[in-house]
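Structure assessment
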Amino acid sequence: MPSIDNIPKAFEPKEAEKRIYSEWMEKGYFHAVPDNEKKPYTIVIPPPNITGQLHMGHALDNTIQDVLIRWRRMQGYSALWMPGTDHASIATEAKIVEAMAKEGITKDDIGREAFLERAWQWKEEYGGRIVEQLKRLGSSCDWERERFTLDEGLSKAVEEVFIRLYEKDLIYRGERIINWCPVCLTSISDAEVEYEEADGAFWHIRYPFENGTGGVVVATTRPETMLGDTAVAVNPGDDRYADLVGRNVVLPLTGRVIPVIADDYVDMDFGTGVVKITPAHDPNDFEIGLRHDLEILDVMTDDARMNNKTGKYAGMDRYAARKLIVSDLDEQGLLVKTEPHKHNVGQCYRCSTTVEPRVSLQWFVKMKPLAEPAIKAVREGETEFIPERFDKIYYNWMENIRDWCISRQLWWGHRIPAYYCHSCGKTIVASEMPDICPDCGSTRFSQDEGTLDTWFSSALWPFSTLGWPDKTDELDYFYPTSVLVTAYDIIFFWVARMIFSAIEHTGEVPFKSVFIHGIIRDEQGRKMSKSLNNGIDPLEIIETSGADALRYSLITGNSPGSDQRFLPMKVEAGRNFANKIWNAFRFFMMNAEGYEIPDEVAQKDLQPEDKWILTRMNDLIGEVTGNLERFELGVALAKLYNFIWEEYCDWYIEMVKSRLFDKSAPYRTEALYVLKYVLENAIKLLHPYMPFLTEELYSYLCEGKGSVMISIWPEVRKDYDFPDDVILVQTLMDATRKIRNIRSSMNVPPSRKVGAIIVSSDEQTLNTFRNGTAFVSRLANLDSIRIACNNEGIPDTAITEVIDKGELYIPLGDLIDIDKELERLKGEITRIDEEICRVENKLMNAEFTSKAPAKVVEKEQEKLRKFKEMKGSLTVRMELLSKV
Ligand SMILES: [Zn+2]
Ligand SMILES: [Zn+2]
């Protein structure tokens, strides 16, 4: 073992963490390979966006994954943590466009190819930033295998999936209502729309009959879309309107004549029972339009202005047009009434602009056939959610799923592998541009301009990263993966899509467990957000307090599915914990200096306290391992903390000090052996949480044994099971604790020795204390312990405490100097008498009581009451002490 002189006084994360991480990298400890001697354990990282910066959510998510992977690696699994990043179409493209805007150029100015060149350049420059940040956290990802959703292999997987689904008729191209973002200028999927309640209105508008009289009244929250109405509809069972069906009405402001149709979809009880039908701007109206063969009339431009089919409104922003339309209707006497109305408005998840439901020619995935087996797999437990309650979100989303719009009007992403014949318009889906059109023989084609939704590629992540569609050894060995770790907010965005994609393409679920954690909130429990400016930068914490302290603060209090608050005092606690362990370790090294510590000692030479801590170590190994198996990371860490801090440092070390300080004391070797055995195992158990600190400790404590991260996870030693000694030591600890409490509650200075009396009618208990006299005396600072089977001769002024099967007493005279105390009490009573006299005089003075405000008088009366009370208790105490 190294000399204590070569061991630093404290652990300095700033210096140590970088050095240790590069050692791990150099030695290749993170690399996992298929190994049939071992069981596989696999986690795929939720790939962070290349535009991302490490935030607290990432820090938590990745710390959890690192804890799990380090633990399983130590347990002897071939543990693969597959890393990588996501190309994040919308976010990245927005960044490039923004940068170009500063140069005064647009996408169209430079064209697709030059734009992509810039995007790749940007990726090279900034895309690796988040990976470097994950390394600072200590993440033990297999970086040799790092993937990127746009890399060659993953692009191949995306193309393969697109072609397969198309050939199975599960992907189609068609005009459907999609969510259009007028700022991002692309379609977005249903899952990317966030709903927020907003104040709006219901405008009731009269559509007159052709002769200009009467008519029907419809209500709408988006009056600007009326310019695209191509019918009004009633329910076929609605007697009120039976004779209207088949007649026409005039669409106000346009003069267009539109029919009244009957459709079951219309709710008779809603509003007037007549609804306007705008097939180009509403998903339900679109369906009705298909059923009745109505014209689909889009009235907007891509940036949500009214288009050239809207007459005088052409060119106006949708909201400006809304205002003008309402006032024009009012002027013409066609606005029947305006009702205030709260409703949910869909917003783009990326830019928060209100999305416009709009008809558009896009590519879709047919969801029903894919959702069914994915629902079944979770119902049958092939994949389990932890905590279980989150399966409800999953079922709810999967059971109500609509076809998934996967095409995006962006350039940064996987280009849709579809080609259109210039002559006959035929669509050919293939991995390369076709040579010749099978229908017309033309040789001219153009590729679809769109790219695929980013989630289309991340849905394949668990198997595409392992080499799919190729049959690789990695795929064979590491797939299906063991667990996916994610926050609850992307269950449907991502988790659901991975499950149905995996089942469709690999025939297996992508992971056996989904461990859902909550989100990190600020100290006051608010979400961390840019607008509140309450985010905390994890890198700053790593810089000042080290990655271990950050990890400690994130896992402390973590429990599956629950949100947690980020409290700076937890980081502080992590630092203190590290110091405590470091000091305990140095204490051991100091005492072990120059001693050869054997690998084993004879059981007969172990003392009760040794047997107690060895048994407790066994308990801890069992419990921590069990907690990790149930994803109770926070509970496991709390147990480790309590064991190391209290049982090992505060108790065991104190218990063995007398054996250590006397170099010729019997059983000194045993004490050193146990100190080391327990510390070594505690370090191993703590390693997944605080990898840097434990690596440094292990390198000194177990010099020559290699890295702790590839050491073997502690196992319960069946021969270290001493229940009787545990009871004995815990009884003594309990008595010690109680004597200490009495001392501190009575302010007894440490220099003052006291005597204790243990009374019990239980022979076993009496024996325990007979054997433990020295132990309790030393730890509780006693000069004597008397052991008795009854309380004869114990003064009734003695302070007493109940212990297991007995009582303990400390004579009052031992705790305090009675004469001195009587003297002090006398003085105190005299002083209080003076105070009472003073206040009483004041209150008897009519000048004071009549002039002073009531509050001041009350205050004086309150004082008087308090002084009298104090005098009362001092007098009782004096009487008691006089009897001693
Ligand atoms: Zn947007
Ligand atoms: Zn053709």
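None of the values given here were measured: they were computed from a predicted structure.

**Let's talk about the coordination of the zinc ion (ligand 2)**
When four donors bind a metal tetrahedrally, each ideal donor-metal-donor angle is 109.5 degrees, and when six bind octahedrally, the ideal angles are 90 or 180 degrees. Coordination of the zinc ion (ligand 2) by the protein comes from Cys-421 (SG), Cys-424 (SG), Cys-437 (SG) and Cys-440 (SG), over a distance range of 2.2 to 2.4 Å. Around the zinc ion (ligand 2), the four donor atoms sit at angles spanning 100 to 116°, and that spread fits a shape best called tetrahedral. Look at Cys-424 and you get partly exposed, because its relative accessible area is 40%. A relative accessible area of 37% places Cys-440 in the partly exposed class.

**Concerning the coordination of the zinc ion (ligand 1)**
For the zinc ion (ligand 1), every protein donor is listed as Cys-181 (SG), Cys-184 (SG), Cys-348 (SG) and Cys-351 (SG), and the spread of their distances is 2.2 to 2.4 Å. Every donor counted, the four donor atoms about the zinc ion (ligand 1) form angles of 98 to 115° at the centre, which fits tetrahedral coordination. All donors to the zinc ion (ligand 1) come from one chain, and their sequence spacing reads C-x2-C-x163-C-x2-C. The exposure class assigned to Cys-348 is buried, which follows from its relative accessible area of 0%.

**Topic: the sheet that holds strand 18 (residues 418-421)**
Strand order in the open sheet made by the three strands is 19-18-20, with antiparallel pairing throughout. Across the chains shown, the open sheet's two edge strands, defined by having one partner strand only, are strand 19 (427-429) and strand 20 (445-447). Strand-to-strand twist in this sheet, taken as the mean axis angle between neighbours without regard to direction, amounts to 30°.

**Considering helix 2 (residues 56-74)**
Compared with an ideal rise of 1.5 Å per residue, which puts 19 residues at 27 Å, helix 2 spans 27 Å between its outermost C-alpha atoms and is within 8% of the ideal. Burial runs high along helix 2: 18 of the 19 residues are buried. A positive phi of about 100° marks Gly-76, the residue just after helix 2.

**Looking at the pairing of strand 1 (residues 40-44)**
The element strand 1 is extensively covered by neighbouring structure, given that four of its five residues are classed as buried. Both strand 1 and strand 2 (residues 78-82) contribute to a ladder of five bridges, which runs parallel. When the sheet's bridge partners are listed, Thr-42 is paired in strand 2 with Leu-80. With respect to chirality, the unit in which strand 1 leads through helix 2 into the neighbouring parallel strand 2 is right-handed.

**Here we look at the environment of Glu-860**
Relative to the elements of secondary structure, Glu-860 occurs in helix 27 (residues 854-882). A relative accessible area of 6% means that Glu-860 is categorised as buried. Excluding its chain neighbours within four sequence positions, the residues that come into contact with Glu-860 are Val-839, Lys-842, Leu-843 and Phe-848.

**What to know about unusual backbone geometry**
If a residue is not glycine, its phi is most likely negative; likewise, a peptide bond is most likely trans. In this structure, the amide linkage connecting Ile-386 to the following residue, Pro-387, adopts the cis form with an omega of -5°. Topologically, Pro-387 is positioned in the loop between strand 15 (384-386) and helix 10 (391-399). Pro-469 follows Trp-468 through a cis peptide bond whose omega is 10°. Within the secondary structure, Pro-469 is located in the loop between helix 12 (461-464) and helix 13 (473-478). For Tyr-667, which is not glycine, the phi torsion reads 65° and is therefore positive. With respect to the helices and strands, the residue Tyr-667 is situated in the loop between helix 19 (633-661) and helix 20 (668-686). Given the relative accessible area of 34%, Tyr-667 is considered partly exposed. Notably, Asn-781 is not glycine yet its phi reads approximately 60°, a positive angle.

**Describing the environment of Gly-138**
Note on placement: Gly-138 falls in the loop between helix 5 (129-136) and strand 4 (147-148). Along the primary structure Gly-138 and Met-690 are separated by 552 residues, whereas in three dimensions their C-alpha atoms are 9.0 Å apart. Other than its neighbours up to four places away in sequence, Gly-138 contacts Tyr-21, Asp-66, Arg-70, Arg-551 and Phe-692.

**Observations concerning the side chain of Asp-151**
Its place among the elements puts Asp-151 in the loop between strand 4 and helix 6 (152-167). Looking at Asp-151, its side chain comes within polar contact range of the side chain of Arg-147, at 2.9 Å. Reaching out from Asp-151, the side chain makes a polar contact with the backbone nitrogen of Leu-154 at a distance of 2.9 Å.

**Remarks on the packing of aromatic side chains**
In this description, a pair of aromatic rings is defined by centroid distance and the angle of the planes. Applying the stated criterion across every chain, the model contains 38 aromatic pairs. Centre to centre, the rings of Tyr-677 and Tyr-720 are 5.4 Å apart; their planes meet at 90°, and the pair counts as edge-to-face. Of this pair, Tyr-677 sits in helix 20 while Tyr-720 sits in the loop between helix 21 (691-701) and helix 22 (723-745), and the two are 43 residues apart along the sequence. Ring pairs connect the aromatic residues Phe-162, Tyr-166, Trp-363, Trp-404, Phe-456 and Phe-500, which therefore count as one cluster. When the ring centre of Trp-143 is taken as origin, the NZ or CZ atom of Lys-135, which lies over that ring, is 5.1 Å away. The side chain of Arg-668 reaches across the aromatic face of Tyr-595, ending 4.5 Å from its centre.

**Some thoughts on the nonpolar core**
Counting residues in hydrophobic clusters, the biggest one holds 194 residues, and the most contacted among them are Leu-68, Phe-385, Tyr-394, Met-398, Phe-456, Tyr-648 and Tyr-689. Top contributing element to this core by residue count: helix 19, with 14 residues. Once residues lying within four places of it in the same chain are set aside, the contact partners of Tyr-394 are Ala-374, Ile-375, Val-378, Phe-385, Ile-491, Ala-496 and Ile-499. Formed by 29 residues, the second largest nonpolar core is a distinct cluster that contains Ala-201, Trp-203, Leu-334 and Leu-335.

**Let's talk about the environment of Lys-276**
Examined against the element boundaries, Lys-276 turns out to sit in strand 12 (residues 275-277). It is 59 Å that separates the C-alpha atoms of Lys-276 and Val-571, two residues lying 295 residues apart in sequence. Polar side-chain contacts of Lys-276 include one of 2.9 Å to the side chain of Thr-225. Among the polar contacts made by the side chain of Lys-276, one reaches the side chain of Asp-229 at a distance of 3.0 Å.

**A short note on the packing of helix 25 (residues 818-844) against helix 27**
Their axes nearest at 9 Å, the elements helix 25 and helix 27 cross at an angle of 155°. Compared by their axis directions, helix 25 and helix 27 come out roughly antiparallel. The two elements helix 25 and helix 27 cross, and the hand of that crossing is left-handed. Residue composition of the contact of helix 25 with helix 27, grouped by class: 15 nonpolar, three polar and eleven charged.

**What to know about the pattern of salt bridges**
This structure, assessed with the given rule, holds 62 salt bridges. The partner of Asp-719 in a salt bridge is Arg-717, with the nearest N and O atoms 2.8 Å apart. Judged by its relative accessible area of 35%, Asp-719 is partly exposed. By sharing partners, the salt bridges in this structure join Lys-14, Arg-136 and Glu-543 into a single network.

Conventions adopted
Residues numbered from 1 in each chain as written. Chains lettered and ligands numbered in written order. Predicted model: local features only at pLDDT ≥ 70, side-chain atom pairs only at ≥ 80, totals over all residues. Heavy atoms only, no water. Donors = N, O, S within 2.8 Å, 3.2 Å for Na, K, Ca; no water. Tetrahedral: all angles 85-135°; square planar, octahedral: opposite > 155°, others 65-115°. Buried < 20%, exposed > 50% of the residue type's maximum accessible area, 1.4 Å probe, protein only. Pairing = 2+ DSSP bridges. Helix = DSSP H or I, 4+ residues; strand = E, 2+ residues; numbered from the N terminus. Axes fitted to C-alpha atoms, helices over the stretch in contact; angles between N-to-C directions. Expected span 1.5 Å × (residues − 1). Right-handed = clockwise from strand over helix to strand, strands pointing away. Contact = heavy atoms within 4.5 Å. Polar contact = N/O pair within 3.5 Å; in protein donor to acceptor, adjacent residues only side chain to side chain. Phe/Tyr/Trp six-rings, centres within 6.5 Å; stacked < 30°, edge-to-face > 60°. Lys NZ or Arg CZ within 6 Å of the ring centre and 35° of its normal. Core = buried A, V, L, I, M, F, W, Y, C linked by side-chain atoms within 4.5 Å. Parallel < 35°, antiparallel > 145°, perpendicular 65-115°, else oblique. Left-handed = near helix turned anticlockwise from the far one by under 90°. Nonpolar A, V, L, I, M, F, W, Y, C, P; charged D, E, K, R; others polar. Salt bridge = Lys/Arg side-chain N within 4 Å of Asp/Glu carboxyl O.

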